[in-house]
2 protein chains.
Amino acid sequence: MAALSSESFTFNQIKGISEKASFCILLYLICLQFKLKNMWKFPGGLSEPGEDIGDTAVREVFEETGIKSEFRSLLSIRQQHTHPGAFGKSDMYIICRLKPYSFTINFCQHECLRCEWMDLSDLVKTENTTPITSRVARLLLYGYREGFDKIDLTMEELPAVYTGLFYKIYHKELPDSYKTMTGMD
Amino acid sequence: MAALSSESFTFNQIKGISEKASFCILLYLICLQFKLKNMWKFPGGLSEPGEDIGDTAVREVFEETGIKSEFRSLLSIRQQHTHPGAFGKSDMYIICRLKPYSFTINFCQHECLRCEWMDLSDLVKTENTTPITSRVARLLLYGYREGFDKIDLTMEELPAVYTGLFYKIYHKELPDSYKTMTGMD
């Protein structure tokens with residue numbers, strides 16, 4: 001997990017989920033076995049100040065597993081109050097889908113006991129996992145079988161009118177006809 | 001806008017979007033005209049400490065417009081760094097879809113000049129709005145015409161295994177067959 005300064009955003013934990021698109025089999029999830037409770041979970045950690053959601057996910061997956069990847073979409077948000085390790089704040093946990101560029105695992109042995117590419121259907125049926133991991137595994141299986149457009153929130157950059165800056169917005173992909181319509185359609 | 005204590009979550013601004021499901025016409029959006037820049041925008045504001053996303057949206061819509069509503073879904077997330085009014089932190093702006101229970105507007109005159117139920121297709125074509133409002137209007141028009149299941153992230157409560165507490169998770173609705181599958185399907 002990345003070092004955390006006092007300025008870090010305690011609300012913004014990012015889960016990284018990797019897609020091994022170049023393989024036909026379902027061995028495309030990195031899973032970490034949680035040290036204390038013997039549970040499979042996805043890699044992830046706290047964001048740095050000013051860091052984009054996708055950048056945190058890519059960085060944390062690399063630090064924890066040695067896998068290089070790129071951000072593809074946002075999948076889910078969890079809000080939890082009185083979360084331990086959230087510095088007295090509520091926790092916002094954001095789950096991303098990534099595409100890997102390397103496949104050789106070199107995992108952080110301080111943070112987990114095992115790290116493997118796991119068959120998604122094996123993850124769905126294992127009991128050694130958390131409710132949220134099991135839920136996201138099912139969501140990913142749905143996306144894998146029926147199209148990731150069913151589950152993805154895609155990212156786009158838009159201008160902030162009052163500051164001249166840009167921000168990133170995430171929502172379900174809008175068909176082109178709606179993006180370009182003038183309201184007279 | 002709600003009073004903000006020093007403990008509030010600066011990242012969690014909520015936009016409220018209301019659905020007037022009992023009406024066949026498209027007059028189902030509350031829009032506020034922004035005071036300084038003469039722009040139409042959705043009601044919203046900062047969350048209180050420990051407040052759920054949907055509760056913030058419902059509270060802010062009531063405070064700003066007098067409309068009573070309930071949370072239906074999460075639609076979009078915006079992440080903006082160096083956002084003014086975010087107390088030196090990055091800003092997470094979460095956009096919700098609400099269902100109204102009352103329809104008579106009684107708006108906060110300290111915060112806006114005008115407040116009206118506006119035809120969604122009028123909002124899509126107006127130039128007096130921000131890029132994000134225009135984008136969300138198009139997203140809503142897509143959902144209204146082709147089914148809100150195309151754009152909604154629905155909410156569910158799940159148990160946190162290590163603390164015994166519960167949290168709320170938001171993602172695209174999962175078909176029942178995937179919720180109940182054992183991995184052997």
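The structure we're discussing is the one just above.
Throughout what follows, the structure given in this document is the object of discussion. Each residue is numbered by its place in its chain's sequence as written, counting from 1. Working convention: letters from A go to chains and numbers from 1 go to ligands, in the order in which they are written. Reporting in this predicted model follows two pLDDT cut-offs: at least 70 for local features of residues, and 80 or more for side-chain atom pairs to be given and counted; totals over whole chains, interfaces and linings ignore these cut-offs and use all residues. Think of the side-chain values as coming from all heavy atoms in the structure, minus any hydrogens and water.

**With respect to the overall build of chain A**
Next up, step 1: Secondary structure summary: chain A contains four helices and nine strands in total.
Next up, step 2: Secondary structure elements follow DSSP: runs of H or I no shorter than four residues count as helices, runs of E no shorter than two count as strands, and numbering proceeds from the N terminus. Reading chain A from its N end, one meets helices and strands in the order β-β-β-β-α-β-β-β-α-α-β-β-α.
Next up, step 3: Remark: exposure states derive from per-residue accessible area (1.4 Å probe, protein chains only) relative to the maximum for the residue type, with buried under 20%, exposed over 50%, and partly exposed in between. Residues counted as buried form 56% of the 185 residues belonging to chain A.
Next up, step 4: Here the contacts in chain A between residues at least 6 apart in sequence split such that 65% fall between residues at least 24 apart.
Next up, step 5: Under the convention used here, a 1.4 Å probe and the Shrake-Rupley method define accessible areas, while residue burial counts only the protein chains that appear. Carbon and sulfur atoms make up 53% of the accessible area of chain A, which totals about 7900 Å². Every residue pair with non-hydrogen atoms within 4.5 Å of one another is taken to be in contact.

**A word on the packing of aromatic side chains**
Next up, step 1: Here is the rule: rings of Phe, Tyr and Trp (six-membered ring for Trp) pair when centre to centre is within 6.5 Å. Planes less than 30 degrees apart are stacked, more than 60 are edge-to-face, and the remainder are tilted. Within the structure shown, the criterion is met by seven aromatic pairs over all chains.
Next up, step 2: Ring geometry for F103 of chain A versus W117 of chain A: centroids 6.0 Å apart, planes at 45°, classification tilted. Of this pair, F103 of chain A sits in the loop between β6 (91–100) and β7 (112–119) while W117 of chain A sits in strand β7, placing them 14 residues apart in sequence.
Next up, step 3: Residue classification places W117 of chain A among the buried positions, given a relative accessible area of 17%.
Next up, step 4: Look at NZ for Lys and CZ for Arg. If either is within 6 Å of the ring centre and within 35 degrees of the ring normal, a charge sits over the ring. Taking the ring centre of Y167 of chain B as reference, the NZ or CZ of R78 of chain A above it sits at 5.0 Å.
Next up, step 5: When the ring centre of F148 of chain A is taken as reference, the NZ or CZ atom of R97 of chain A above it lies at 3.8 Å.

**Description of the pairing of strand β9 (residues 166–172) of chain B**
Next up, step 1: The element β9 of chain B is extensively covered by neighbouring structure, given that six of its seven residues are classed as buried.
Next up, step 2: Where strand β5 (residues 69–80) of chain A and β9 of chain B come together, four bridges link them in antiparallel fashion. Bridged to R78 of chain A within β9 of chain B is I169 of chain B.
Next up, step 3: Should DSSP find at least two bridges between two strands, the strands are taken to pair. Two elements, strand β8 (residues 153–159) of chain B and β9 of chain B, share seven bridges in a ladder whose sense is antiparallel. From the neighbouring strand, E156 of chain B faces β9 of chain B, where its bridge partner is I169 of chain B.
Next up, step 4: Hairpin remark: β8 of chain B followed by β9 of chain B, antiparallel, with six residues in the connecting loop; positive phi at G164 of chain B, about 80°.

**Some thoughts on the relation of the copies chain B and chain A**
Next up, step 1: Copy-to-copy superposition: least squares on the C-alpha atoms, limited to residues that have pLDDT of at least 70 in both copies. Here chain B sits on chain A after a turn of 180° about the axis and a move of 0.0 Å along it, with an RMSD of 0.0 Å. This pairing of chains is accounted for by a two-fold axis.
Next up, step 2: Counting the interface residues of chain B, we find that 100% of their copies in chain A are interface residues as well, pointing to one common contact surface.

**Points about the nonpolar core**
The tendency in soluble globular proteins is for nonpolar side chains to be buried side by side.
Next up, step 1: Think of a nonpolar core as a cluster: buried Ala, Val, Leu, Ile, Met, Phe, Trp, Tyr and Cys residues, connected wherever their side-chain atoms sit within 4.5 Å. Core analysis: the largest hydrophobic core is formed by 27 residues, its most contacted members being L74 and I77 of chain A together with L74 of chain B.
Next up, step 2: The set of elements that each furnish at least two residues to this core consists of α1 (53–65), β5 and β6 of chain A together with α1 (53–65), β5 (69–80) and β6 (91–100) of chain B.
Next up, step 3: With residues near it in sequence (within four places) discarded, I77 of chain A still touches M92, Y93 and I94 of chain A together with L74, I77, K168, I169 and Y170 of chain B.

**Considerations on the environment of Q79 of chain B**
Next up, step 1: With respect to the secondary-structure elements, Q79 of chain B resides in strand β5.
Next up, step 2: Since its relative accessible area comes to 3%, Q79 of chain B is described here as buried.
Next up, step 3: Residues Q79 of chain B and M92 of chain B lie 13 residues apart in sequence; the distance between their C-alpha atoms is 4.8 Å.
Next up, step 4: In terms of polar contacts, Q79 of chain B uses its side chain to reach the backbone amide nitrogen of I53 of chain A, at 3.0 Å. As used in this structure description, the phrase polar contact means that two N or O atoms lie within 3.5 Å; if the pair is within protein, one of them must be able to donate a hydrogen and the other to accept it, and residues adjacent in sequence are counted only when both atoms belong to side chains.

**A look at the interface of chain B and chain A**
Next up, step 1: With 67 residues of chain B in contact, the opposing surface of chain A contributes 67 residues.
Next up, step 2: Accessible area that two parts lose when put together, evaluated with a 1.4 Å probe and summed over both, is termed the buried area. Both faces combined, the contact of chain B with chain A buries some 6000 Å², and carbon together with sulfur accounts for 62% of it.
Next up, step 3: Of all residues in chain B, Q79, R135 and Y178 of chain B give up the largest surface area on contact with chain A, accounting jointly for 13% of the area buried on that side.
Next up, step 4: The term salt bridge refers to a side-chain nitrogen of Lys or Arg lying within 4 Å of a carboxyl oxygen of Asp or Glu. Scanning the region where chain B abuts chain A turns up two salt bridges.
Next up, step 5: R135 of chain B is paired through a salt bridge with E156 of chain A; the nearest N and O atoms lie 2.8 Å apart.
Next up, step 6: Summed over the shared surface of chain B and chain A, the result is 24 residue pairs in polar contact (both at pLDDT 80 or more).
Next up, step 7: Taken together, the elements giving at least two residues each to the side of chain B that touches chain A come down to β1 (9–18), β5, β6, α2 (120–125), α3 (131–146), β8, β9 and α4 (176–180) of chain B.
Next up, step 8: With nine residues, α3 of chain B is the single largest residue contributor to the side of chain B that touches chain A.

**Looking at the pattern of salt bridges**
Residue and element names in this part refer to chain A.
Next up, step 1: Enumeration over the complete set of coordinates arrives at 22 salt bridges over all chains.
Next up, step 2: With a shortest N-O distance of 2.8 Å, D152 and R97 are connected by a salt bridge. Here the residue D152 occupies a position in the loop between α3 (131–146) and β8 (153–159), and R97 occupies one in strand β6, the gap between them amounting to 55 residues. Each member of the pair, D152 together with R97, is buried.

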